[in-house]
Amino acid sequence: RTSALSSGNWHGWNHADAQSGFLRYHRRCGASRSMQQKLSVSMSVSQRAAPEIVAELLSLLESGELKYKLDSKTDSRVLELVSKLEEVGKNTDWLSDDSLPDLYQVLYQEVNGRRNAPVGGPIRGSEIGRFLFRTEDAYQNVLEDNRAVNLLYFKFLNLIPGSATLYGKLRALSPSERLDMEQKFKPGRQISKNVVQIDFSPPFIKLGRSSLINFELGPINSAFLDTVYLDDRVRVARSARYGNAFVLARVPPSSTASSRAGAFRDILPTPKVSPAVPALYLLAGLALLVKPDLLISEGEISAGRLVLPRRLVLGLGFLILPLFIVLLISPL
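Within each chain, residue numbers correspond to sequence positions counted from 1 in written order. A pLDDT threshold of at least 70 governs which residues receive local features in this predicted model, and a stricter bar of 80 or more applies before side-chain atom pairs are shown or counted, although totals over entire chains, interfaces and linings include all residues. Think of the side-chain values as coming from all heavy atoms in the structure, minus any hydrogens and water.

Peer 1: Would you explain the overall build of the protein chain in this entry?
Peer 2: Secondary structure elements are defined from DSSP: runs of H or I of at least 4 residues count as helices, runs of E of at least 2 residues count as strands, and each element is numbered from the N terminus. Scanning the protein chain from N- to C-terminus turns up 9 helices and 15 strands. Here, two residues are considered to be in contact whenever any of their heavy atoms come within 4.5 Å of each other. In the protein chain, once contacts between residues fewer than 6 apart in sequence are set aside, the share between residues at least 24 apart is 61%. For the protein chain, the exposed area adds up to about 19,700 Å²; of that, 59% sits on carbon and sulfur atoms. The accessible surface values rely on the Shrake-Rupley method and a 1.4 Å probe; as for residues, cover is taken only from the protein chains in view.

This is the structure in structure tokens:
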């Protein structure tokens, strides 16, 4: 056995080959350590650059106004910065981060078409919807106990203030559910382990700042949200279905936005109508009793190319005008 070892050949083992293999192994280990060091340095550099990326991102969106679309140059830069932050946050378990629950104001949404608008849905995705319900603010709040609340503030006809509140329950998706979603929706990116499904109740609508009218309107719906970056200033996320990016800023506790973002705590989801509404309808009914020919008028009323029967216009006026007056004269 000793002679076999000294001869460099024992049971097919060649000592010279082993020695050269040993050297190659250590070279590979050295290269691997060098690569790991480079990756570590690269990662630390990107992590150090994250605050600068966030600062630039917020400067581009500093107005705090949720615009439907940015100009193409600004929009391209915002998406470029979002991709950089997404790379920094890659493979990070954001759902386990204790700082995730907070109030967030939506500063940006990527719009790829009417259906893919993540904030406001089809209402903000159409021109007539944006005209009727001009958006002022939007908030997407993550709360304890796997709860979420979305708020959208608007002005109906740019006159009557209102809000839509959606109460939701969220849960993380399993690996198989994430894979099924990728195959079904083909978002153009790999869905991360940070994706959650949020099941929302029907939107709770409030009209008038004094809560003259509250009601639920709309279907139950679900959203799928993938958080790709999180720090003490922003949360960056993507729609898991379509890949749309959006940027949300944490709401400072002492700011004006804090009261708006947390207004859902003061909104009891109980439908109600102000007594002033039926009172005005009663007056309208009395007016018809005194002068019933108000709705028997013949003729037509034209507005540009639109021609409507006078009786129809007056009838709609009696139905809508009392409600409109109540909302308009409510404390704004």
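Peer 1: What am I meant to see in the packing of aromatic side chains here?
Peer 2: The relation between two aromatic rings is expressed through the spacing of the ring centres and the mutual angle of the planes. Put simply, two rings from Phe, Tyr or Trp (the six-membered ring, in Trp's case) pair if the centres are within 6.5 Å, and we call them stacked under 30 degrees between planes, edge-to-face over 60, tilted for the rest. Applying the stated criterion across every chain yields a total of 3 aromatic pairs. On the numbers, 6.1 Å between centres and 90° between planes, the contact of Tyr139 with Tyr153 is edge-to-face. Pair noted here: Tyr139 is in strand β4 (residues 133-143) and Tyr153 is in strand β5 (residues 147-156), with a separation of 14 residues, a long-range link. Each member of the pair Tyr139 and Tyr153 is classed as buried. Here the basic side chain of Arg235 rests over the ring of Tyr104, its NZ or CZ set 4.3 Å away from the ring centre. Only protein chains enter the accessibility calculation, which uses a 1.4 Å probe. A residue is then buried if its area is under 20% of the maximum for its type, exposed if over 50%, and partly exposed in between. Cation placement over rings: the criterion is NZ of Lys or CZ of Arg within 6 Å of the ring centroid and within 35° of the ring normal.

Peer 1: Before we go on, may I ask you to explain the pattern of salt bridges in this structure?
Peer 2: Side chains that carry opposite charge are capable of pairing whenever their charged atoms lie near each other. Any Lys or Arg side-chain nitrogen found within 4 Å of a carboxyl oxygen on Asp or Glu counts as a salt bridge. Per the counting criterion, the structure on display carries 11 salt bridges. Notably, a salt bridge pairs Arg250 with Asp102, separated by 2.9 Å at the nearest N-O pair. Taken together, the residues Arg250 in strand β12 (residues 245-250) and Asp102 in the loop between α3 (72-88) and β3 (104-109) connect sequence positions 148 residues apart. A salt bridge links Arg189 to Asp226; the shortest N-O distance between them is 3.1 Å.

Peer 1: Which parts of the structure should I look at to understand the nonpolar core?
Peer 2: It is characteristic of soluble globular proteins that their nonpolar side chains tend to be buried jointly. In this description, a nonpolar core means a group of buried Ala, Val, Leu, Ile, Met, Phe, Trp, Tyr and Cys residues linked to one another through side-chain atoms lying within 4.5 Å. Judged by nonpolar contacts, the single largest core of 41 residues is most densely connected at Leu57, Leu61, Leu85, Ile198, Tyr229 and Val236. Those residues in contact with Leu57 that lie beyond four places of it in its chain are Val78, Leu81, Leu85 and Val247. Val149, Val251, Ala257 and Ala263 belong to the second-largest nonpolar core, a separate cluster that totals 11 residues.

Peer 1: Would you mind showing me how to read the pairing of β12 here?
Peer 2: It is a general feature of regular strands that their side chains alternate between the two faces of the sheet. For β12, the buried fraction is high: 6 of the 6 residues fall into the buried class. Across the two faces of β12 the burial is the same, with Ala245, Val247 and Ala249 and Phe246, Leu248 and Arg250 all buried. Two strands are said to pair when DSSP picks up at least two bridges between them. Bridge count between β3 and β12: 5 bridges; the pairing is antiparallel. By the bridge assignment for β12, Val106 is matched with Leu248.

Peer 1: Explanation requested: a nonpolar patch on the surface in the structure shown.
Peer 2: Two distance rules govern patches: like charges are joined within 9 Å, and nonpolar side chains (Val, Leu, Ile, Met, Phe, Trp, Tyr) within 5 Å, applied only to residues with over 30% relative accessible area and no salt bridge. A contiguous nonpolar patch, built from Phe131, Leu157 and Leu159 and spanning about 290 Å² of accessible area, is present on the exposed surface. Residue placement: Phe131 occurs in helix α5 (residues 127-132).

Peer 1: I'm lost on α3 in this one. Help?
Peer 2: Residues three or four positions apart in an α-helix share a direction because the helix packs 3.6 residues into each turn. Across its 17 residues, α3 extends 25 Å between first and last C-alpha, which sits within 8% of the 24 Å expected from 1.5 Å per residue. Thr74, Val78, Leu81, Val82, Leu85 and Val88 are the residues of α3 that are buried. Burial along α3 is one-sided: seen end-on, the buried residues are contained in an arc of 110°. Turned more than 90 degrees off the buried face of α3, the exposed positions are Ser72, Lys73 and Glu87. Here the expected span of a helix is defined as 1.5 Å times the quantity of residues minus one. Note that the arc is computed from the directions linking the helix axis to the C-beta atoms.

Peer 1: Would you take a moment to explain the environment of Arg265 for this structure?
Peer 2: Within the element layout of this structure, Arg265 appears in the loop between α7 (256-261) and β13 (272-273). Residue Arg265 is classed as exposed on the basis of its relative accessible area of 54%.

Peer 1: It is not clear to me how the side chain of Arg189 should be interpreted in this structure. Could you clarify?
Peer 2: Tracing the sequence through the fold places Arg189 in the loop between α6 (175-185) and β7 (195-200). Filtering out sequence-adjacent residues up to four positions away, Arg189 remains in contact with Glu86, Glu182, Asp226, Val228, Arg238 and Gly243.

Peer 1: Would you take a moment to explain the environment of Asn146 for this structure?
Peer 2: Residue position: Asn146 is located in the loop between β4 and β5. On the basis of relative accessibility, which here comes to 46%, the residue Asn146 falls in the partly exposed class. Along the chain, Asn146 and Val196 lie 50 residues apart, while their C-alpha atoms are 10.0 Å from each other. Aside from chain neighbours lying at most four places away, what touches Asn146 is Gly168, Lys169 and Leu170.

Peer 1: Please clarify how the side chain of Arg238 should be interpreted in this entry.
Peer 2: Here Arg238 shows up in strand β11 (residues 234-239). Judged by its relative accessible area of 10%, Arg238 falls in the buried class. Polar contacts involving the side chain of Arg238 include one to the side chain of Glu86, which spans 3.0 Å. Those residues in contact with Arg238 that lie beyond four places of it in its chain are Val82, Ser83, Glu86, Glu110, Arg189, Phe224, Leu225, Asp226, Gly243, Asn244, Ala245 and Phe246. Each polar contact in these results corresponds to two N or O atoms within 3.5 Å; when the atoms are within protein, one needs to be able to donate a hydrogen and the other to accept it, and residues that are neighboring in sequence are counted only if both atoms are side-chain atoms.

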